[in-house]
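Analysis of the macromolecular model
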Amino acid sequence: MPKSSPASRTKSAPVPAPNSGPTVTLSPRGAARLKSGHPWVYKSDIASANAEPGAIVSVLDARGRFLGTALYSSTSQIAIRMISRETSSKERASRDVPDLPALVSQRIREAITYRKNYVHNTNAYRVVFSEADFLPGLIIDRYNDVLSLQILTQAMDAEPVRGAILETLIAELKPEGIVERVDPRIRELEQLPPRDSALLWGKKSSTIVTMNSEPEGLSESQEPKAKSRNPESRESKAESPTPQAGVLFHYDALGGQKTGAFLDQRENYAAAARYAHGNALDIFCYHGGFALHLAPVCTSVVGVDSSRPALEVADKNAALNHRQLDWIEANAFDLLRDYAAAGNKYQTIVLDPPAFAKSKRDIDKALSGYKELNLRALKMLQPGGILITCSCSFAVSPHDFQETVAAAALDAHKSLRLLEMRHASQDHPILLNVPETDYLKCLIFHVSN
Ligand code: SAH
């Protein structure tokens with residue numbers, strides 16, 4: 001959320017509410033939540049709403065004081081999502097409730113500039129990440145020349161807003177295709193009319209993307225450029241275990257599995273490859289993100305996933321990169337138990353399971369799942385081995401996750417030294433006042449007996 005002006009931090013001049021337009025009045029608890037910096041207020045903390053579904057609203061406290069502007073959802077548990085905070089009364093007087101299409105367009109451009117500064121060596125990255133880019137309910141991913149867009153709220157679904165999104169993306173990123181990926185469950189929750197995933201603009205819905213290529217600036221040019229560098233030099237090996245051209249992945253927005261890549265792990269793939277060696281297991285491998293990055297530095301890599309369609313894409317990705325990898329369709333828990341019992345040994349193991357805890361209620365079960373996986377993996381890791389262990393459950397805190405891995409190490413009689421404590425890639429910005437944006441934990445350990 002953009003910061004409020006310094007004037008707004010003084011307690012002296014309460015900002016009067018605008019005279020007209022849709023309003024939502026908060027309960028004292030809702031107002032307190034906003035004041036703590038979080039941009040969401042739950043339905044249960046709304047005292048009254050005088051607004052149409054999806055409206056841009058003025059948010060008031062119980063005494064009618066203006067707190068800022070928000071997107072309103074009449075059906076979601078998250079009833080309002082702030083888009084700007086209280087401004088001083090002077091500024092407020094000269095400003096109407098913002099024009100949402102124009103604001104969305106401006107914030108998309110700002111999000112693109114942010115990526116230009118911080119995202120390198122790839123043409124696959126998240127362009128807009130909802131609250132983290134001050135665009136609640138909008139997610140846009142770039143897969144080379146294909147853009148994928150997800151709309152999660154009533155306000156973002158309005159036709160003029162959709163128009164502004166497309167126009168801005170076409171002008172700024174010049175894609176060959178823009179695809180909308182629809183989550184029918186979310187549309188139902190938001191009481192939006194059903195829609196199918198479809199090509200919204202242009203002709204292309206599938207492409208090939210590059211991650212972690214050597215030269216910088218790929219996101220600009222879209223094409224990997226050759227850069228002369230002695231591949232045998234120690235320096236290039238230490239810094240760049242992945243090939244100069246990067247690792248290539250198929251992306252097909254509308255075919256087969258209709259899912260994208262886990263772009264949030266992109267920088268973690270490169271980090272993992274800096275330490276990986278020997279024979280490696282990539283557990284929960286999906287399309288082979290970690291496995292394909294480990295292949296150049298490991299003697300053998302096996303990817304494991306319970307989804308056959310995911311493994312089929314992984315295999316196509318291996319061929320695209322001219323790599324020979326093995327893929328095993330299995331339940332990770334069963335496979336790890338059997339392999340550990342059989343005394344199999346590895347030098348590198350990646351654990352990247354799906355979110356085990358969707359909410360706080362599932363935490364205990366999730367932690368026991370993480371413990372079991374990490375315990376079994378640690379038993380198979382040889383001294384000097386590398387464990388790359390991830391959790392993408394927001395409900396599981398970094399502290400709980402670390403404690404769980406530590407407990408697993410204790411039970412496995414192994415010592416762990418933390419090499420890196422990582423988060424999502426930088427195209428998934430983390431806002432300290434929105435803890436939900438810091439959901440991904442990726443820990444890299446050196447293992448000894
Ligand atoms: N590491 C991947 C992302 C993993 S997402 C990447 O970086 O791209 C989680 C994966 O776990 C999904 O592919 C899903 O099919 C798989 N999965 C879920 N439950 C599983 C289980 N019990 N055993 C094996 N794979 C499972």
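Residues numbered from 1 in each chain as written. Predicted model: local features only at pLDDT ≥ 70, side-chain atom pairs only at ≥ 80, totals over all residues. Heavy atoms only, no water.

1. A short note on the overall build of the protein chain
A count of helices and strands for the protein chain gives 15 helices and 20 strands. Out of the 449 residues in the protein chain, the part that is buried amounts to 54%. With an accessible surface of roughly 20200 Å², the protein chain has 52% of that area assigned to carbon and sulfur atoms. (Helix = DSSP H or I, 4+ residues; strand = E, 2+ residues; numbered from the N terminus. Buried < 20%, exposed > 50% of the residue type's maximum accessible area, 1.4 Å probe, protein only. Areas by Shrake-Rupley, 256 points an atom, 1.4 Å probe, with all protein chains shown as cover.)

2. Digging into the sheet that holds strand S5 (residues 66–72)
The strands making up a sheet associate through hydrogen bonds between their backbones, and the pairing can be parallel or antiparallel. Taken together, the six strands give an open sheet; going across it, the order is S2-S6-S5-S4-S1-S3, and neighbouring strands pair in mixed fashion. Pairing within the sheet leaves two strands with one partner each, and these edge strands are strand S2 (40–42) and strand S3 (46–50). Within the sheet, the average angular offset between the axes of one strand and its neighbour, ignoring direction, is 30°. Of the pairings in the sheet, the one linking S2 to strand S6 (residues 78–85) comprises three bridges and is antiparallel in character. Residue pairing across strands places Trp 40 opposite Arg 81, the latter belonging to S6. Along the sheet, helix H2 (residues 28–35) contacts strand S1 (23–26), S2, strand S4 (56–60), S5 and S6; its crossing angle with S2, the most-contacted strand, is approximately 160°. Contacting S4, S5 and S6, helix H4 (residues 100–118) runs over the sheet at an angle of about 70° to S6. (Pairing = 2+ DSSP bridges. Axes fitted to C-alpha atoms, helices over the stretch in contact; angles between N-to-C directions. Contact = heavy atoms within 4.5 Å.)

3. Describing the pattern of salt bridges
Across all of its chains, the model carries 20 salt bridges by this definition. Salt bridges sharing common partners tie together Asp 157, Arg 162, Glu 180, Arg 187 and Arg 195. (Salt bridge = Lys/Arg side-chain N within 4 Å of Asp/Glu carboxyl O.)

4. Some remarks on the site of the ligand
If you check the shell around the ligand, you find 14 residues, and the closest are Tyr 269, Phe 284, Asp 305, Ala 332 and Asp 352. One nitrogen or oxygen atom from the side chain of Tyr 269 is found 2.6 Å from an oxygen atom belonging to the ligand. Within the backbone of Ala 332, one N or O atom sits 2.8 Å away from a nitrogen atom of the ligand. Contact with the protein chains covers 85% of the free accessible surface of the ligand, which is 580 Å². (Near = heavy atom within 4 Å. Polar contact = N/O pair within 3.5 Å; in protein donor to acceptor, adjacent residues only side chain to side chain.)

5. Observations regarding H4
In this model, H4 (19 residues) spans 27 Å end to end at C-alpha, consistent with the 27 Å of a helix rising 1.5 Å per residue. Considered for burial, the residues of H4 that qualify are Leu 100, Pro 101, Leu 103, Val 104, Ser 105, Arg 107, Ile 108, Ala 111, Ile 112 and Arg 115. (Expected span 1.5 Å × (residues − 1).)

6. Considerations on the confidence of the model for the protein chain
For the protein chain, per-residue confidence averages 88 on the pLDDT scale, and 86% of positions sit at 70 or higher. Of the regions scoring below 50 in pLDDT, residues 2–13 engages in 13 contacts with residues more than four places distant in sequence or in other chains. Counting interchain partners and residues more than four positions distant, the pLDDT-below-50 stretch residues 219–238 has 28 contacts. (pLDDT = per-residue confidence, 0-100.)

7. Some remarks on the sheet that holds strand S9 (residues 146–151)
Spatially, five strands are ordered S7-S8-S9-S10-S11 in an open sheet, and the strand pairing comes out mixed. The sheet terminates laterally at strand S7 (124–129) and strand S11 (198–202), the two strands that pair on one side only. Taken pair by pair, the neighbouring strands of this sheet meet at an average axis angle of 20°, ignoring direction. Taken together, the four bridges between strand S10 (residues 177–180) and S11 define a ladder with antiparallel strand orientation. From the neighbouring strand, Val 179 faces S11, where its bridge partner is Leu 199. The sheet contacts of H4 involve S7 and strand S8 (138–143), and relative to S7 the element is tilted by about 145°.

8. Points about unusual backbone geometry
We note that Phe 284 has phi near 70°; this positive angle belongs to a residue other than glycine. Structurally, Phe 284 can be placed in the loop between strand S14 (279–283) and helix H11 (289–294). Phi angles above zero are rare outside glycine, and Tyr 286 is one such case at about 50°. Owing to a relative accessible area of 14%, Tyr 286 belongs among the buried residues under this scheme.

9. A closer look at the environment of Arg 195
Considering the arrangement of structural elements, one finds Arg 195 in the loop between helix H7 (184–189) and S11. Separated by 15 residues in the primary sequence, Arg 195 and Glu 180 place their C-alpha atoms 9.5 Å from one another. If we ignore the near neighbours within four places in the chain, the residues touching Arg 195 are Glu 159, Arg 162, Glu 180, Val 182, Arg 187 and Leu 200.

10. Concerning the state of the cysteines
Scanning the entire structure with this criterion turns up zero disulfides. The thiol of Cys 392 is unpaired, and the distance to the nearest cysteine sulfur, on Cys 390, comes to 8.4 Å. Judged by its relative accessible area of 24%, Cys 392 is partly exposed. (Disulfide = S-S within 2.5 Å.)

11. Considerations on the nonpolar core
Phe 290, Leu 294, Val 301, Leu 325, Trp 327 and Ile 388 are the most contacted members of the largest nonpolar core, which has 36 residues in total. Of all the elements in the fold, those that place two or more residues in this core are strand S12 (206–211), strand S13 (247–252), helix H10 (266–275), H11, helix H12 (308–320), strand S18 (381–391) and strand S20 (441–448). Leaving out residues up to four positions away in the same chain, Trp 327 has contacts with Cys 285, Gly 288, Ala 291, Gly 303, Leu 311, Ala 314, Asp 315 and Ala 318. (Core = buried A, V, L, I, M, F, W, Y, C linked by side-chain atoms within 4.5 Å.)

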